[in-house]
Amino acid sequence: MKKTKILIIDDESELVSALTERLTLRGYNTFGVTNFADGLKFLNKIPDVVILDIGLPDMDGLEVLKKIKEINSSIQVIMLSGYGDDEKVNKSLNYGAFDYLIKPVDIEELVSKIETAKLKKEEAEK
Amino acid sequence: MIEKPIAFIGRIIADFTHEINNHLALIKESSGLISDICKGKKSIDKKEIPYVIESLEAIESQIHKSVNFINYFNRFAHRMDNLKATFNLNSVIEELFELLKRYSNRKKVSLKYSLPSNLPDVNNSPFIVQFALFYAVDSFLKRSKPDTTLNVNATKEQNSLKITIRYEGDIVEDSFQQMWTPSSVQEVLAITNIKISINDKMITIEIPV
């Protein structure tokens, strides 16, 4: 069975490294980057799910979300942030984010969201 | 009049909690990775040892960063204990800038300060001085362009300490962000006789000594 491809974009490199490893241990094909410029290279491989930090150093997370959707609207994006304000939540959902999680996240909750997001991507591609 | 200082405190608390959430996220993922590796095993594989060591080091380093950051926040909170206190200008700027680092990093503006070593201590409200500095920094950051600099300097005048906050770079002329009116800020600063003057790219704060 084809492994689910996940791309993590977050400016905290140690967080990216730990999360990448944890998702890899759970059987996902996971790539982690710390900025959007590097993320673009992996977006060409069309990941199933992108886990995206809202506060990137080179581009606002909401702008990155828009770009990802322009590249391929079936890619599902789970926003990850330390923010908890409703405005950002609503904006990201309006821009097509699959869901929104506040850091620190529970790994099992994240895995559950990834699985549902993957199903949504498969539906979108049918 | 109280709404501006409250908004300032709110901003600092919001950024602080955001930053601490990020610190905790890293600690949680690093400890989670160790747990994932060790779960259900009596011993771990040799190839997994570097991941465990790396995670433990990340946790230790993050806790160290968090403690420092919390200490800055704690000192900031105690600046409100009394309306007047004797304080060192360098320390109130350092503390405020550490707490505003996330905000300025997000705007890609470098916050710099360089104060002469012979500045006398100040007897005024450290909180209101920080409020004035925040107003200056915030009003530039709201109109700033990326890769620019905010420079803070101070000089001793005859009856005052003069702090200048200079923005180096281009300004976004049509910023849609809501700015505080200088008069509403001046009203707060007047409580302890601090004066502020505002130019396009420079704000000056005068503290009586």
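In what follows, the structure referred to is the one given above.
Residues numbered from 1 in each chain as written. Chains lettered and ligands numbered in written order. Predicted model: local features only at pLDDT ≥ 70, side-chain atom pairs only at ≥ 80, totals over all residues. Heavy atoms only, no water.

1. Describing the pattern of salt bridges
All names here are of chain B. Selection rule: When a carboxyl oxygen of Asp or Glu is within 4 Å of a side-chain nitrogen of Lys or Arg, the pair counts as a salt bridge. The secondary structure listing takes helices from DSSP runs of H or I that are at least 4 residues long and strands from runs of E that are at least 2 residues long, numbered from the N terminus. Each residue's exposure class comes from its accessible area (1.4 Å probe, protein chains only) as a fraction of the maximum for that residue type: buried when under 20%, exposed when over 50%, partly exposed otherwise.
Applying the stated criterion across every chain, the model contains 22 salt bridges over all chains. We note a salt bridge from glutamate 19 to arginine 102, for which the minimum N-O separation is 2.5 Å. One end of the pair, glutamate 19, is in helix 1 (residues 3-38); the other, arginine 102, is in helix 4 (residues 101-106), with 83 residues separating them in the sequence. As a salt-bridge pair, arginine 143 and aspartate 200 come within 4.0 Å of each other at their nearest N and O atoms. One end of the pair, arginine 143, is in the loop between helix 5 (126-141) and strand 4 (148-156); the other, aspartate 200, is in the loop between strand 6 (195-198) and strand 7 (202-208), with 57 residues separating them in the sequence. Take arginine 143: its relative accessible area is 18%, and that puts it in the buried class.

2. Points about the interface of chain B and chain A
This is how it is decided: Whether two residues are in contact is decided by their heavy atoms: any pair within 4.5 Å suffices. Joining two parts hides part of their accessible area as seen by a 1.4 Å probe, and the buried area is that hidden amount summed over both.
Opposite the 20 residues of chain B that make contact, chain A presents 21 residues. Here chain B meets chain A over a buried area of about 1,800 Å², counting both sides, of which 52% is carbon and sulfur. The interface formed by chain B and chain A includes four salt bridges. Notably, a salt bridge pairs aspartate 36 of chain B with arginine 22 of chain A, separated by 2.8 Å at the nearest N-O pair.

3. What about the sheet that holds strand 4 (residues 76-81) of chain A?
Residues and elements named next belong to chain A. So the rule is basically this: We treat two strands as partners when DSSP finds at least two bridges between them. All axes are obtained by fitting lines to C-alpha atoms, using only the stretch in contact for helices, and the reported angles, taken between N-to-C directions, cover 0 to 180 degrees.
The sheet built from five strands is open, its strands ordered 2-1-3-4-5 with parallel pairing. The sheet is open, and its two borders are formed by strand 2 (29-33) and strand 5 (99-102), each paired with just one other strand. The mean angle between the axes of side-by-side strands here comes to 20°, regardless of whether they run parallel or antiparallel. Each of strand 1 (5-9), strand 2, strand 3 (49-53) and strand 4 is contacted by helix 1 (residues 13-25), which is oriented at about 175° to strand 2, the strand it contacts most. In the packing of helix 2 (residues 36-43) onto the sheet, contacts are made with strand 1, strand 2 and strand 3, and the angle to strand 1 comes to roughly 170°.

4. Some words on the sheet that holds strand 7 of chain B
Residues and elements named next belong to chain B. Taken in spatial order, the five strands line up as 2-4-5-7-6 in an open sheet, and their pairing is mixed. Each of the sheet's edge strands pairs with one partner strand only, and the pair in question is strand 2 (109-114) and strand 6. Between one strand axis and the next, the sheet turns through 15° on average, direction left out of account.

5. Describing the packing of aromatic side chains
Heads up, the rule is: Classification of ring pairs rests on two measures: the distance between centres of Phe, Tyr or Trp rings, Trp counted by its six-membered ring, which must be within 6.5 Å, and the angle between planes, read as stacked under 30 degrees, edge-to-face over 60 and tilted in between. Any Lys NZ or Arg CZ found within 6 Å of a ring centre and within 35 degrees of that ring's normal is scored as a charge over the ring.
Scanning the entire structure with this criterion turns up 13 aromatic pairs over all chains. With centroids separated by 5.8 Å and ring planes inclined at 10°, the aromatic side chains of phenylalanine 140 of chain B and tyrosine 167 of chain B adopt a geometry described as stacked. Residue phenylalanine 140 of chain B is found in helix 5, and its partner tyrosine 167 of chain B is found in strand 5 (residues 160-168); the two are separated by 27 residues along the sequence. On the basis of relative accessible area, phenylalanine 140 of chain B is assigned to the buried category, the value being 0%. Ring pairing ties together the aromatic residues Phe8, Phe16, Phe69, Phe73, Phe76, Phe127, Phe131, Phe134, Tyr135 and Trp180 of chain B, which thus form one cluster. Lying over the aromatic face of phenylalanine 31 of chain A, lysine 45 of chain A brings its terminal NZ or CZ to 5.3 Å of the ring centre.

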